[in-house]
Amino acid sequence: MKLRIRGNPNLYDATLLVHDADCEDLGWPAALRISWGDGEQVFAAPDVAIRNCKLAWATPEEWRSLAEYGFLPDNTPK
């Protein structure tokens, strides 16, 4: 999937992690792993992603999973 970060026009690659070791370390059942252009990766919980990220592209399966784990605002088409 591709997304934008609030205040930044660039597109970033992101992956939804579900019940992954990184999620367990962070204390979340699911998290977005966002890859910056320099190779660094950051993680976002659903509440952080809803406030600061805008989904630009995702497969239908990714849309369903994002909705299921609370990464989409209530008014976002699924």
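Each remark here, short or long, concerns the structure printed above.
A quick note: this is a predicted structure, and the numbers were derived from the prediction, not measured.

Here is what the cut-offs are and how they apply
Within each chain, residue numbers correspond to sequence positions counted from 1 in written order. Only residues with pLDDT of at least 70 get local features here, since the model is predicted, and only at 80 or more are side-chain atom pairs given and counted; chain-wide, interface and lining totals rely on the full set of residues. Based on all heavy atoms of the structure, the side-chain values leave hydrogens and waters out of the count. Among the buried residues, those of types Ala, Val, Leu, Ile, Met, Phe, Trp, Tyr and Cys that are joined through side-chain atoms within 4.5 Å form a nonpolar core. Type-normalised accessible area, obtained with a 1.4 Å probe on protein chains alone, sets the label of each residue: buried when under 20%, exposed when over 50%, and partly exposed for intermediate values. Helical segments are the DSSP runs of H or I of at least four residues, strand segments are the runs of E of at least two, and each set is numbered from the N terminus. Two residues qualify as a contact provided that any one of their heavy atoms is within 4.5 Å of a heavy atom in the partner residue. Geometry of aromatic contacts follows a simple scheme: Phe, Tyr and Trp rings, the Trp one being its six-membered ring, pair when their centres are within 6.5 Å, and the pair is stacked under 30 degrees between planes, edge-to-face over 60, tilted otherwise. The pairing criterion for strands is at least two bridges between them, as found by DSSP. Only C-alpha atoms enter the line fits that serve as axes; for helices the fit covers just the stretch in contact. Angles between N-to-C directions range over 0 to 180 degrees.

Draft legend 1. View of the nonpolar core. Counting residues in each nonpolar core, the largest one holds 16 residues, and the members touching the most others are M1, L3, L16, L32, I34, L66 and F71. Those elements that place two or more of their residues in this core are β1 (2-5), β2 (11-18) and β3 (30-35). Those residues in contact with I34, other than ones at most four positions away along the chain, are L3, I5, Y12, D13, A14, E40, Q41, V42, A44 and C53.

Draft legend 2. Inspection of the environment of D13 at higher detail. Looking at the secondary structure, you find D13 in strand β2. Taking relative accessible area as the criterion, D13 reaches 41% and is therefore assigned partly exposed. Between the C-alpha atom of D13 and that of S35, which follows or precedes it by 22 residues, the distance is 5.5 Å. Once you skip the residues sitting within four places of it in the chain, D13 turns out to touch M1, K2, R33, I34 and S35.

Draft legend 3. Main features of the packing of aromatic side chains. Across all of its chains, the model carries one aromatic pair by this definition. Judged by centre distance (4.8 Å) and plane angle (80°), the ring pair of Y12 and W36 falls under edge-to-face. Taken together, the residues Y12 in strand β2 and W36 in the loop between β3 and β4 (41-44) connect sequence positions 24 residues apart. Relative accessible area serves as the criterion here: at 10%, Y12 is assigned to the buried category.

Draft legend 4. Quick peek at the sheet that holds strand β5 (residues 53-57). With antiparallel pairing, five strands are arranged side by side in an open sheet as β4-β3-β2-β1-β5. The sheet is open, and its two borders are formed by β4 and β5, each paired with just one other strand. Each strand of the sheet is rotated relative to its neighbour by a mean of 40°, with strand direction disregarded. By the bridge criterion, six bridges tie β2 to β3 in an arrangement that is antiparallel. The residue of β3 that forms the bridge with D13 is S35. Packing against the sheet, helix α3 (residues 60-68) makes contact with β2, β3 and β5, and its axis sits at approximately 160° to β5.

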